[in-house]
Amino acid sequence: MIKRFNRLAIELPTPTNPDANAAAAVQELLGGRFGEMSTLNNYMYQSFNFRKRGKLKPFFDLVSSITAEEFGHVELVSHTINMMIYGTTHPGDVNSAPMEAAKDKRNTQHFIATAQTSFPFDSMGKAWNGDYVFSSGNLLLDLLHNFFLECGARTHKMRVYEMTSNPVAREMIGYLLVRGGVHVLAYAKAIEMVTGVDIKKMLPVPDLENSAFETTRKFEAQGVHRKLYTFSDTDYRDIALIWAGQHPLGGPLETVIGAPEGAPMPELRSISEEFAPGISHEDFMQIAERLKKNAGIS
């Protein structure tokens, strides 16, 4: 089971301008073949279907703990998209076409179907699907797949970073470049444990060096690139048997019991022209009265 916290992986900067077209590009990092929906579901089903987890526990622990982290990455990319789109349209009389600006945006589904929020589709609006999930039942084959999945995801993040200067997108991508590098290295070390082959010599595939990306630097200064979390207070601790030694770029690898502290969750504001959430002030007051009555405080 996954224990959920109402926190975001990192704090995202408050956007100053809407950027719906850039948000459409960021959707690739959520619902594309190499997006966070794919990493989450690949590792999730591999952990569900893991055979001989008793004897191969360090590898089961590794896949399971990274699964939990990927849930948070799906959440982080989703909120980035939400924050980037907000403000594209404006409130107004329905007959004045208050959402006219939306018709010229790359992904009109963001305005028609999701009320200016994220959705599990790629940068062209193609829905994410289960065909992207790989769970072969063969430990080495799954680890190799995961290694290359993380490499592909990293490449896409670097390209989207270069497509937009939006500060919200770049903050999120900078963090995920650092954390994705952790997962690349973790799977490389796991493959080495199984085969005896130093898969790290295949790096860069792509290069794990992040110094060229401005928004990665503070996270690496905090040592985020050297930490692997159990995402559990009691379980998955045998990741330490794999996540040990030195980082290729210097410094000791660190297994952290539990999860990162995280940051406050962004508040999604009402968009009246989208009829979202569709609750007026009068509705809210009536709901508040009903809640007080149910709580016995009215």
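Residues numbered from 1 in each chain as written. Predicted model: local features only at pLDDT ≥ 70, side-chain atom pairs only at ≥ 80, totals over all residues. Heavy atoms only, no water.

Novice: Help me understand the overall build of the protein chain, please; the structure alone is not making it clear to me.
Specialist: The secondary structure content of the protein chain amounts to nine helices and two strands. Starting at the N terminus and walking to the C terminus, you meet the elements of the protein chain as α-α-α-α-α-α-α-α-β-β-α. Its C-alpha radius of gyration of 21 Å places the protein chain within 12% of the 19 Å reference for a compact globule of 298 residues. Buried residues in the protein chain amount to 47% of all 298 residues. Computing the positive centroid from 30 side-chain charges and the negative centroid from 34, the protein chain places the two 6 Å apart. (Helix = DSSP H or I, 4+ residues; strand = E, 2+ residues; numbered from the N terminus. Rg over C-alpha atoms; globule rule 2.2 N^0.38 Å. Buried < 20%, exposed > 50% of the residue type's maximum accessible area, 1.4 Å probe, protein only. Lys, Arg positive; Asp, Glu negative; His and termini not counted. Charge placed at Lys NZ, Arg CZ, Asp CG, Glu CD.)

Novice: What exactly am I supposed to notice about the UniProt feature "binding site: Ca(2+)" (unreviewed entry) in the protein chain here?
Specialist: The positions that UniProt labels "binding site: Ca(2+)" (unreviewed entry) are, in the present scheme, D61 and S232. In sequence the annotated residues extend across 172 residues, while in space they remain close, none of their C-alpha pairs exceeding 10.4 Å. Set against the largest pocket, the annotated residues that line it come down to S232. Tracing the sequence through the fold places D61 in helix α4 (residues 57-85). D61 gets classed as buried once you look at its relative accessible area, which sits at 1%. Not counting chain neighbours up to four residues away, the residues in contact with D61 comprise Y236, R237, D238 and I239. Reaching out from D61, the side chain makes a polar contact with the side chain of K57 at a distance of 2.6 Å. Mapping S232 onto the fold places it in the loop between β1 (227-229) and β2 (254-256). Of the polar contacts made by the side chain of S232, one reaches the backbone nitrogen of T234; its length is 3.2 Å. (UniProt positions renumbered as here; feature names shortened; annotations may be inferred. 1 Å grid on protein atoms, 1.4 Å probe; cavity = no way out; pocket = protein on both sides within 12 Å on 5 of 7 lines; lining within 4 Å. Contact = heavy atoms within 4.5 Å. Polar contact = N/O pair within 3.5 Å; in protein donor to acceptor, adjacent residues only side chain to side chain.)

Novice: I keep staring at the pattern of salt bridges and nothing clicks. Help me out?
Specialist: Where charged atoms from two side chains of opposite charge approach closely, those side chains can pair. The full count for this structure, using the stated rule, is nine salt bridges. A salt bridge links E75 to R4; the nearest nitrogen and oxygen atoms lie 3.1 Å apart. On the criterion of sequence distance, the pair formed by E75 in helix α4 and R4 in the segment before α1 (20-26) is long-range, its members being 71 residues apart. Salt bridges linked by common partners bring K57, D61 and D238 together as one network. (Salt bridge = Lys/Arg side-chain N within 4 Å of Asp/Glu carboxyl O.)

Novice: Before we go on, may I ask you to explain the environment of E28 in this structure?
Specialist: In this structure, E28 sits in helix α2 (residues 28-31). Between the alpha carbons of E28 and P15 there is a distance of 20 Å; along the sequence they are 13 residues apart. With residues up to four places along the chain from it excluded, the contact list for E28 reads R33, G35, D122, S123 and H156.

Novice: Teacher, can you tell me more about the UniProt feature "binding site: Mn(2+)" (unreviewed entry) in the protein chain here?
Specialist: Per the UniProt record, the feature "binding site: Mn(2+)" (unreviewed entry) sits at E36, E70, H73, E150 and H183. Taken together, the annotated residues stretch across 148 residues yet fold into one region, lying no more than 12.9 Å apart by C-alpha. Considering only the residues just annotated, the largest pocket is lined by H73. Apart from the residues within four sequence positions on either side, H73 is in contact with E36, Y175, L176, R179 and H183. Along the chain, E150 falls in helix α6 (residues 139-163). Among residues more than four places away in sequence, those in contact with E150 are T39, Y43, E70, G180, H183, V184 and Y187.

Novice: What is the right way to read the layout of surface pockets from this model?
Specialist: Which parts of space are left empty comes out when a probe the size of a water molecule is rolled across the atoms. One number sums up the size of the largest pocket: a volume of about 810 Å³. Lining the largest pocket are 32 residues; nearest its centre among them are I2, K3, F5, A68 and F231. Across the lining of the largest pocket, the residue classes tally to 15 nonpolar, nine polar and eight charged. Roughly 400 Å³ of volume is contained in the second largest pocket. Taken together, 22 residues line the second largest pocket, and the ones lying closest to its centre are M83, P266, E267, L268 and R269. Considered class by class, the residues forming the lining of the second largest pocket number 14 nonpolar, five polar and three charged. (Points joined across faces, edges and corners; volume = space filled by probe spheres on them. Nonpolar A, V, L, I, M, F, W, Y, C, P; charged D, E, K, R; others polar.)

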